[in-house]
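Architecture and fold: a report
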Amino acid sequence: MSEAPRSPLITLNAVEGQTPKAVAAVKPQLQAPAPAGPEGRSRLPQPQTRLPMPSTHLPLPTRNGASKRKQDFTPDVQQTVGGKKRKADAMRGAPPPKMPNIVRRTASATTRPGTRTAATAKPAVGRPPAASRAGASRGAAAAKTGARTVTTRGSASKPAVSKAGGMTRSNSGSTIPKGAPVKKRPAWDLKGRIEDMEKTMRSMQSEKEAITQQKEEITQHSDNIQQDLLTLQRENTTLRQRVNEAEVTLRDLQSKNRNMEDDLERVNRQKKAVERERDDLESDLQTSRKECQGLKGTIAQQAAAQEGIKAELQLRNSQIETTNIALQAEKGAVASLQAELAEARDKIAALDRQLQQAETDRRVLHNTIQELKGNIRVFARLRPLLSPDGNAANDGLDDIPHFDWHDGNILELDRAMDGDPNETMSGFKRTESQKIEFSFDRVFAPSSSQGEVFEEISQLVQSALDGYKVCIFAYGQTGSGKTHTMEGNLEQGPEQRGMIPRAVEQVFRTAERLRGKGWEYKISASFLEIYNESLRDLLDSKSDKKMDIKMKDNRGSKDNKTNDVHVTNQVVVDVNSEDEVYPLLKKANKHRAVAATKCNDRSSRSHSVFQLRIKGQNSLTSESCAGMLNLVDLAGSEQVKKSGSQGKQLQEAQSINKSLSNLSLVITALSNKEPHIPYRNSKLTYLLQNSLGGNSKTLMFVNVSPQEEHLVETVNSLRFATTVNQCNIGTAQKKVK
Ligand SMILES: Nc1ncnc2c1ncn2[C@@H]1O[C@H](COP(=O)(O)OP(=O)(O)OP(=O)(O)O)[C@@H](O)[C@H]1O
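So, how was this worked out
- Residues numbered from 1 in each chain as written.
- Predicted model: local features only at pLDDT ≥ 70, side-chain atom pairs only at ≥ 80, totals over all residues.
- UniProt positions renumbered as here; feature names shortened; annotations may be inferred.
- Helix = DSSP H or I, 4+ residues; strand = E, 2+ residues; numbered from the N terminus.
- Contact = placed C-beta atoms within 7 Å.
- Buried ≥ 20, exposed ≤ 12 C-beta atoms within 10 Å, placed from the backbone.
- Axes fitted to C-alpha atoms, helices over the stretch in contact; angles between N-to-C directions.
- Parallel < 35°, antiparallel > 145°, perpendicular 65-115°, else oblique.
- Left-handed = near helix turned anticlockwise from the far one by under 90°.
- Pairing = 2+ DSSP bridges.
- Expected span 1.5 Å × (residues − 1).
- Core = buried A, V, L, I, M, F, W, Y, C linked by C-beta atoms within 7 Å.

Under the local residue numbering, the UniProt record ascribes the feature "binding site: ATP" (unreviewed entry) to Gly 476, Gln 477, Thr 478, Gly 479, Ser 480, Gly 481, Lys 482 and Thr 483. Counting through the fold element by element, Ser 480 comes out in the loop between β12 (469–476) and α11 (482–486). Once residues lying within four places of it in the same chain are set aside, the contact partners of Ser 480 are Arg 383, Asn 703, Val 704 and Ser 705. Judged by the 24 C-beta atoms lying within 10 Å of it, Gly 481 is buried. Not counting the four nearest positions on each side in its chain, Gly 481 is found in contact with Arg 381, Arg 383, Gly 476 and Asn 703.

Here's what the structure looks like:
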């Protein structure tokens, strides 16, 4: 039942009085861990901050009565008290410095004024103050536990023996020698008792002196400790400063270290790049070496080849010398040949000139033939058979029953056809094997394209630009293809365009080409129709103004010495390109009078006359010309009886036939060179009088229908065309000033 807290042992700190306080004040500083740097605990060696203490295991009474070992509170402080030597002694197991032993009674220690002990300063909980246990209880406690002693290290386990004379204390408070029998003095032995008390007094006196001396030693020791403590605090401060400096240095070093690590990393990267570059260069070097080896081989080969070439060169040089000699000889021959060549070239040039002259002569002859022929030509064009939808059948275009054509200008009509053999055809009685042959300037097969047809008339168009009056008209029965030939179909693409749009294109293209030769042309267009012998302007259908044909007497004027035909109130449009003409053609086409007849759903019942007036002026040669291109789509020439026309349509048909008869009469009169040409018998001949005659070039298309039921009318048309073709209407004259 040893109760450590109740142990009377007093710790050195408690005995030293104020020492524990000082130590406690110092302890937090000494024992506090060094402030951690930014990176935690500093790695620098920690300064020795604890005082050296003698090795002791004396229990220390605490406030709650629990004991605590002394070294738990001041282990190292005591070690530093005596300096390094003491510490070294302690480590060698040498005895600690001599400390005064204290042997006293607890009661006297606690009750003595001015002597504060741990027991009085911090009494154990539940334990009465020492002062209250004075008197009789003191003696009882002493008897129970033996002599209570306060000892320092090394004596705790020893029995409590007083070193001050080896005395024990009796119950009566007297000090009795150890081992001596206690002699109880009788009550009456006052003297003895006084002696005992004096002895006791002396003993206590000597004890007091020992304690006083011990106190002084302790005070001295405490002062030393204070000194050491101050020194340690200064050292501690110095060390802290050094620690701070070291930490700053450490941070700098760490920063530098990071920088150096970055540098190192960068250098490593550069090193790797350089290594890669080096590898590449080594690889290139290897390649170059190989190439070099190859080149060396090649150089060696070439050197060998060079030697061969040199030898060959020498051989060639000698050959060249030989050749040069031969060349000199050849040069003489070449010179003579060149002379011959020049002579031959002169001959060729002379022949060219003769050829050009021959071409000119040929043209003149051709023109002479045309003139002899009468300047009126007739082309026959046979229309293909049409499919039910009105378009030309694709297959067998030229497979037309009863018709045959050959040599480009012969058209044969087989009269051995089914039907009544007694039926007459144009007054001729038909026989079974009869064939009628017609000869024209040109016969176009059904398969002939618009382009092929235009090619044949393009020279006439050129004549209009050269200052001739040109008249091209299409004649034929209804549905034979007159409108198709003259206008074509503007909507079905360029291939289907007829003579009028193609002639317009050629006029403008040629005019543009001749611009380079100084020619400037002014071109104007008009489009009218003759319907029932009255004129209608196809470019101004809304106008009700009466149109009349007038002759303009220009014979007195400088510019024009002939009569010009002039139509009053007619719209004449100046045009600068074919694109300006196309809208006029479409407009006119809309306005054409169309009447339904039994023969053709789109039968045109009027003559349409498109006129292009072309005036040219040459700024280089001061020449001028005035040509005119008349493109006429005549009305159908069917028999009135057969077409079944009645009323208005009958009147239209009669009017048409009358004008066509007059055309025939005019041409016949021109051919016969009659003094009077009946131009004024019809509006058509009156309008075209300057283009039908000696000063004009005339071309007539006779359009032929392939249909069997139209054969009679076809023969009539072909006979009329033959008559026209045989006419000699005089020599065309160019209207040039
Ligand atoms: N060479 C041809 N090739 C293809 N189709 C043609 C040819 N000639 C005429 N045709 C077609 O025949 C039909 C009648 O032709 P077009 O209208 O030209 O006859 P026309 O003689 O002008 O008749 P009209 O006197 O009544 O005006 C039209 O559908 C036309 O397209």
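After presenting the structure, the write-up continues.
On to the packing of helix α10 (residues 450–465) against helix α12 (residues 499–515). At their nearest, the axes of α10 and α12 sit 10 Å apart, and the two run at 50 degrees to each other. With respect to α12, the element α10 is oriented oblique. As α10 runs across α12, the sense of the crossing is right-handed. Across from Phe 454, Ile 457, Ser 458, Val 461, Gln 462, Ala 464 and Leu 465 in α10, the residues of α12 making contact are Met 499, Arg 502, Ala 503, Gln 506, Val 507, Thr 510 and Ala 511.

The next thing to look at is unusual backbone geometry. For His 402, which is not glycine, the phi dihedral falls at a positive 75 degrees. With respect to the helices, strands and loops of the structure, His 402 is situated in the loop between β5 (376–382) and β6 (403–406). Even without glycine at this site, Glu 533 takes up a positive phi of about 60 degrees. If you trace the backbone, Glu 533 turns up in the loop between β13 (519–531) and β14 (534–537). Using a count of 13 C-beta atoms within 10 Å as the deciding quantity, one classes Glu 533 as partly exposed.

This brings us to the pairing of β12. Consecutive side chains of a regular strand alternate in pointing toward one face of the sheet and then the other. With eight of its eight residues buried, β12 lies for the most part within the structure. Residue alternation in β12 divides its side chains into two sets, Lys 469, Cys 471, Phe 473 and Tyr 475 and Val 470, Ile 472, Ala 474 and Gly 476, and both sets are buried. In the sheet, β12 pairs with strand β19 (residues 624–633) via six bridges, with the strands oriented parallel. Note on β19: the bridge partner recorded for Lys 469 is Met 628. Bridge count for β12 against strand β20 (residues 696–704) is eight bridges, and the pairing is parallel.

For the rest of this paragraph, the subject is the sheet that holds strand β10 (residues 435–439). The antiparallel open sheet is built from three strands, whose spatial order is β6-β7-β10. Each having just a single partner strand, β6 and β10 make up the two edges of the open sheet. Going from strand to strand, the sheet's axes swing by 20 degrees on average, the running direction of each strand aside. Sheet topology note: the β6/strand β7 (residues 410–414) ladder contains four bridges and is antiparallel. Looking at the pairing, Asp 404 lines up with Glu 412 of β7.

The next subject is helix α17 (residues 711–725). An ideal rise of 1.5 Å per residue puts 21 Å on 15 residues; α17 measures up with 20 Å between its terminal C-alpha atoms. Listed as buried for α17 are Leu 711, Glu 713, Thr 714, Ser 717, Leu 718, Phe 720, Ala 721, Val 724 and Asn 725. Tucked into the core, α17 has its buried residues touching β5, β10, β12, α15 (647–671) and β20.

As a further point, take the nonpolar core. The biggest cluster of nonpolar side chains holds 75 residues, and the ones touching the most others in it are Ala 380, Val 507 and Ala 721. With seven residues, the top contributor of residues to this core is α15. Setting aside residues no more than four positions away along its own chain, Ala 721 makes contact with Val 378, Ala 380, Phe 440, Tyr 475, Met 700 and Val 702.

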